[in-house]
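Chain by chain, the residues:
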Amino acid sequence: MRSLSSLFANSSSLLWRASLRHLGRHPWQMALSILGIALGVAVVVAVDLANESARRAFDHSMQTVTGQATHQIVAGPMGLDEQLYVILRRSGRLPVSAPVVEGYLAYGKQTLRLLGVDPFAESRFRNLLSHVPVKTEEGLLKRLLTQPGAVVMSRERMEAFGLSVGQPFELWHSGQRRQAVLAGYFEPPAEQRAVLRDLLLADISTAQELLGQVGRLSRIDLILSDVDAENLDAINSLLPAGSRLIPAASRGLAMQEMTRAFSVNLTAMSLLALVVGLFLIYNTLSFSVLQRRELMGQLRVLGATRADLFRLVLGEGLLIGSLGTLLGLLLGILLAQELVQLVTQTINDLYFVLTVRELSLTPMGIIKGLLLGVGGSLLAVLVPASEAALSPPRSVQNRSGVEQGARKLLQPFAWSGIALLIAAAVLLQLSDSLLFGFIALFVLILGFSLLTPMWVSLICRYSAPLFGRLFGSPGRMAVGGVQASLSRTGVAIAALSIAVATTVGVGVMVGSFRVSVQQWLESSLQADIFISPDAPSGTGYEAALTPAVLQIIERLPEVAGIRQSRPVEIQSGDEIVHLTALRLAAESYAGMQFLEGTPDTVWPLFDREQAVIISEPYAYHHGLHAGDTLELETNQGRQPFKIAGVFRDYETEQGVVKMRMPLYQYYWGDKSVYSTWLYLQPGVDVDAVLAKLHRLVGDQQALRIHASKTLREASIKTFDRTFAITHVLRLLVIGVAFVGILSALMALQLEKARELAVLRAMGFTPRQVWGLVTAQTGFMGLISGLLALPLGLVLAAVLIFVVNRRAFGWSMDVVVPGMVLLDAVLLALIAALLAGLYPAWRMSQTAPAQALREE
Amino acid sequence: MENDCSNAFIRLNSLTRIYLQGEREQRVLDGVCGEIQRGETVALLGRSGCGKSTLLNLIGGIDQPDGGDIFINGTCINQMDEHGRTLFRRRHIGFIYQFFNLIPTLTVMENLLLPLELNGYDLAEGRCRCMTLLEQVGLSQREESYPDQLSGGEQQRVAVARALVHRPAVVLADEPTGNLDLESGQQVLDLLDQLVRDEQCTLIMVTHSQAVAARADRVFNLRQGQFVASEDVVW
């Protein structure tokens, strides 16, 4: 294939000049196209930057905490017995090792990560204490080792909290107050500042006390030489049951995998915005070529070759695409500043603690945006460029030839559209992959767009008599005008209907999801009161209710039943499994909706056997069903658990495994309880019990005590926050489409200046001309809205049954709110009417004689 | 490629052109034969829709016949591929249309320069040639004007200059005065006459006006897809 430079090398400079001046004479058309592509690129770049920033922040965070460690010894939720470290060191098999205690604390509303280390073993792994300024170093080691609660924090946090070295202060863990003393501060280098900003350092024993893990370690970090790495079996043989040796990177990879589906979906939405933007370029340049068809014919008569015209239009597309891409990159960086906050909030809400303070602007991110914008523009302009190249010289004489040609293409386009729809259906069946799902989505959209001109033609044919009866000649003319300019109106209507369909599809999907989540919350949150420690978002797995609080709760006479749970993350193989231990009350059994198994078959197994129940996403992602066996790493080695049933659940898209609490305690030795649900006696006032609980347990531990109703509302708020990004992207897609339809309709109407001038010359008043233009654009908007509905519903079905299913593993009930459909039609209508305002005004103001001049 | 052995500069050999209108065939040209000598001025006369413009398009290579051949200076142009015809047209043919068809986003000078640039001429030298022609058509003061700033007669004069700027062998004019008033039309025809003879071009002019046709060396009458003798034409 010839390079771009050689493609343009032989072009006539006067042809370019003519072309650029044409673009310059239609500045608004060009500006709207540039804006359209800029918005599309901006959304893609912003999402990519936000995702990349989150990923890098996570990587930096993991690298900082993991340091030079090549391997780690880990265990279940209770961690390792600290004696294991002593035994391993004494064995001489692990010369380079360091114990680590890790967890989260809160200072006010700020979450801080505590890293407890052995200062003597630490330097080969992380060497974080090297960031302590020399002038404050004296005595620091002694303070860390001997002073209870001694911690080191970043200088930035120290100043933000208004603390000074030596000052005692309060931290919170699992709702309990902890006393700490600031032993010193560190000033990391610029590239590590963001990661270490919220880090606290302490001696191992201090960290154990602050985190309530006395006698336990979170892990043991190792640096293994190549020789040692070959003897992993020998090292594993030293480890007790329930603990194992893993590569240091594996936990980070497993955690990153948790957010993969979220990132993929976000990227897909952004690509949809770009596709709409590229459609606009195609739209605009198609119009531009059509507008200049006679001119193209003239140039062919003068001896310009097809290749000359192809290069000309390609160059225009490249110019518009390049300008739009550059603007889009700038807008994208600005948008990313806001988007990264939303992404971070969602990750914190749903996955783990992550702090992203800065945008990671990487050359690759910028290059990706450039390639997508410019490359996509070139792709979008191929068809108009080919149309220009095929402009017959005879078109200089034949003004009606264009539409005749367009009408001849109706059937081939329609058949191609049907073929693409079939291809989309085949793609969906061909593979279970998410990528195929998205490709099928885009093929579906393309197929629909090819069918649009045929639908428009049919609707016009059958609407004309009706509009004639209702509105007389102007009504018939409005409809007839759409039919007569099908080569233009078809493209404009397709672009608008696709954009509106996207909002319908996403709207129905989000709406269905919301209803399903609400129903799930109502069935699963049937207890009256929920109690858990007041722990920072994303750190719940470390928190537990104190035995004193549990005792108080159990003694309440108003309580009829108590349900307890302990959610933990366990590393089983290469994945992190969300495991929840449950102690069910009699009332709890009814709250679960089983997709495989029935309550009569599931609960007896669950209560009496070595069995678990798994959520729908877990079953989907792992290809498991009721009756299968699931193996999990426990403190007593790898154990099989029978799957008693599969239940509907929207807690997490990685899926959840649930087992009865005694079984969990037996295998993992963890007797703590994270949350408690209270079922009250009939007739008991919930608010009175809430007040009583606050009174009784207020001093024991900082807790979240909520009526279930409040919790359901909070959960829905979290859900809405999660989809805030989707709504933002949806609005941007609508914005991009509106720009497109505005550009297209304005071009269309201004092209009809002569025709409208003839009507004025015949006696049409400016008001009647206004009415005619408005009626035509409104009719186009109405068609767009109506055509958007079936496509939107099909898109919704693909999003719900394919994309969501394959990405997250859950199913949902489809709910089609009438308002979403009505809104879609109104959106299309209003967009079109707004787009017609300027041309209508301009046409009504133009003197007929001026418009009737031949050139 | 077939070569023509006759002496005629332009030879039309049983030219046929058929248009489809729905299911119906319309034979616009039905075995047209004719010869035109180099430097001759020929008028094509006939009623509206008789195929005059079609014949012009075929000779200009912007349309293809359904039967027969067209030879220009011995070269059979209808056997060339599309690219070949374009290059031939670029070099050897000049067009003048009823509705001027100037490039609206190029100035008068640039409109004249365009055929030269397409033919690979040096534009600095080309400017001299263009100025000479502009002076001849009386528009040397308007070189920087755009077409929409000119009157109809002025535009057509520019079109005439553009058609001749690259010294084509053949000029094809389709109702060159059809959109002009009498005086402007006469002016344009006088210019065309003079320039064509100065450049020794062969001019084929479509017209429905007897008065315009009278200026030509010969008149071809087109009726029912065939050339007929002048005395057989009934107006």
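Here goes a summary of the coordinates provided. (Residues numbered from 1 in each chain as written. Chains lettered and ligands numbered in written order. Predicted model: local features only at pLDDT ≥ 70, side-chain atom pairs only at ≥ 80, totals over all residues. Heavy atoms only, no water.)

Broken down by element type, chain A carries 31 helices and 21 strands. Taking all 855 residues of chain A together, the buried fraction comes to 57%. Long-range pairs, those at least 24 residues apart, make up 82% of the contacts in chain A with a sequence separation of at least 6. Approximately 34900 Å² of chain A is accessible, and the part contributed by carbon and sulfur atoms is 59%. (Helix = DSSP H or I, 4+ residues; strand = E, 2+ residues; numbered from the N terminus. Buried < 20%, exposed > 50% of the residue type's maximum accessible area, 1.4 Å probe, protein only. Contact = heavy atoms within 4.5 Å. Areas by Shrake-Rupley, 256 points an atom, 1.4 Å probe, with all protein chains shown as cover.)

Attention now goes to the packing of aromatic side chains. Using the criterion set out here, one finds 19 aromatic pairs over all chains in the structure. Measuring from ring centre to ring centre gives 5.5 Å for A:Phe641 and A:Tyr667, while their planes differ by 80 degrees; the resulting arrangement is edge-to-face. Placement of A:Phe641 in strand β18 (residues 637-647) and of A:Tyr667 in helix α24 (residues 661-668) is noted, with a sequence separation of 26 residues between them. Geometrically, the ring pair formed by B:Phe95 and B:Tyr97 is stacked, given 5.6 Å between the ring centres and 5 degrees between the ring planes. As far as burial versus exposure is concerned, B:Phe95 and B:Tyr97 are alike and both buried. Grouping aromatic residues by their ring pairs yields a cluster made of A:Phe513, A:Trp520, A:Tyr650, A:Phe808 and A:Trp810. (Phe/Tyr/Trp six-rings, centres within 6.5 Å; stacked < 30°, edge-to-face > 60°.)

This part is about the pairing of strand β1 (residues 10-21) of chain B. All names here are of chain B. Sheet analysis places β1 next to strand β2 (residues 24-36), joined by ten bridges and oriented antiparallel. Among the inter-strand pairings, Tyr 19 is bridged to a residue of β2, identified as Gln 26. Between β1 and β2, which pair antiparallel in sequence order, lie two residues; one of them, Gly 22, sits at a positive phi of approximately 70 degrees. Relative to strand β4 (residues 67-72), β1 runs antiparallel, the two being bridged by five bridges. Within β4, the position partnered with Asn 13 by the bridge is Asp 69. (Pairing = 2+ DSSP bridges.)

Let's shift gears to the environment of A:Val684. All names here are of chain A. Looking at the element boundaries, Val 684 is found in the loop between β20 (675-680) and α25 (686-697). Linking Val 684 and Tyr 185, residues 499 residues apart in sequence, is a C-alpha distance of 52 Å. For Val 684, the residues in contact, after removing those within four places along its chain, are Glu 558 and Val 689.

To continue, consider a nonpolar patch on the surface. All names here are of chain A. Where nonpolar side chains cluster on the molecular surface, the patch consists of Trp 770, Met 819, Leu 822, Leu 826, Ile 830, Leu 834, Leu 837, Tyr 838 and Trp 841 and spans about 850 Å² of accessible area. Looking at which element gives the most residues to the nonpolar patch, the answer is helix α30 (residues 818-845), with eight residues. Mapping Leu 826 onto the fold places it in helix α30. For Leu 826, a relative accessible area of 39% gives the class partly exposed. (Patch = residues over 30% accessible without salt bridge, like charges linked within 9 Å, V, L, I, M, F, W, Y side chains within 5 Å. Salt bridge = Lys/Arg side-chain N within 4 Å of Asp/Glu carboxyl O.)

Moving on to the sheet that holds strand β10 (residues 226-228) of chain B. Residue and element names in this part refer to chain B. Strand order across the open sheet formed by six strands is β6-β7-β8-β3-β9-β10, with mixed pairing between neighbours. Two strands close off the open sheet at either side, each with one partner strand: β6 (93-97) and β10. Sheet twist, expressed as the average angle between the axes of neighbouring strands with direction ignored, equals 25 degrees. Note that strand β7 (residues 170-174) and strand β8 (residues 202-206) share five bridges and pair parallel. Bridging across to β8, Leu 172 finds its partner in Ile 204. (Axes fitted to C-alpha atoms, helices over the stretch in contact; angles between N-to-C directions.)

Quick look at the pattern of salt bridges now. Residues and elements named next belong to chain A. This structure, assessed with the given rule, holds 37 salt bridges over all chains. Residues Arg 292 and Glu 316 are paired through a salt bridge, measuring 2.7 Å at the closest nitrogen-oxygen approach. Here Arg 292 is found in the loop between α14 (260-291) and α15 (293-302), whereas its partner Glu 316 is found in helix α16 (residues 306-350), with 24 residues between them in sequence. Glu 316 matches Arg 292 in its accessibility class, with the two residues each being buried. Arg 638 serves as the salt-bridge partner of Glu 633, at 3.0 Å between the closest nitrogen and oxygen. Linked by salt bridges that have partners in common, Glu 102, Arg 113, Glu 122, Arg 126, Arg 219 and Asp 221 make up one network.

Bringing the interface of chain B and chain A into the picture now. Counting residues at the interface gives 34 residues for chain B, matched by 27 residues for chain A. Both faces considered, chain B and chain A share a buried interface measuring about 2800 Å² in area, 53% of it formed by carbon and sulfur atoms. At the surface where chain B touches chain A, the tally comes to five salt bridges. A:Arg306 is paired through a salt bridge with B:Glu82; the nearest N and O atoms lie 3.6 Å apart. Our enumeration of links across chain B and chain A arrives at 14 residue pairs in polar contact (both at pLDDT 80 or more). Split into classes, the residues belonging to the side of chain B that touches chain A amount to 16 nonpolar, eight polar and ten charged. (Buried area = accessible area lost by both parts, 1.4 Å probe. Polar contact = N/O pair within 3.5 Å; in protein donor to acceptor, adjacent residues only side chain to side chain. Nonpolar A, V, L, I, M, F, W, Y, C, P; charged D, E, K, R; others polar.)

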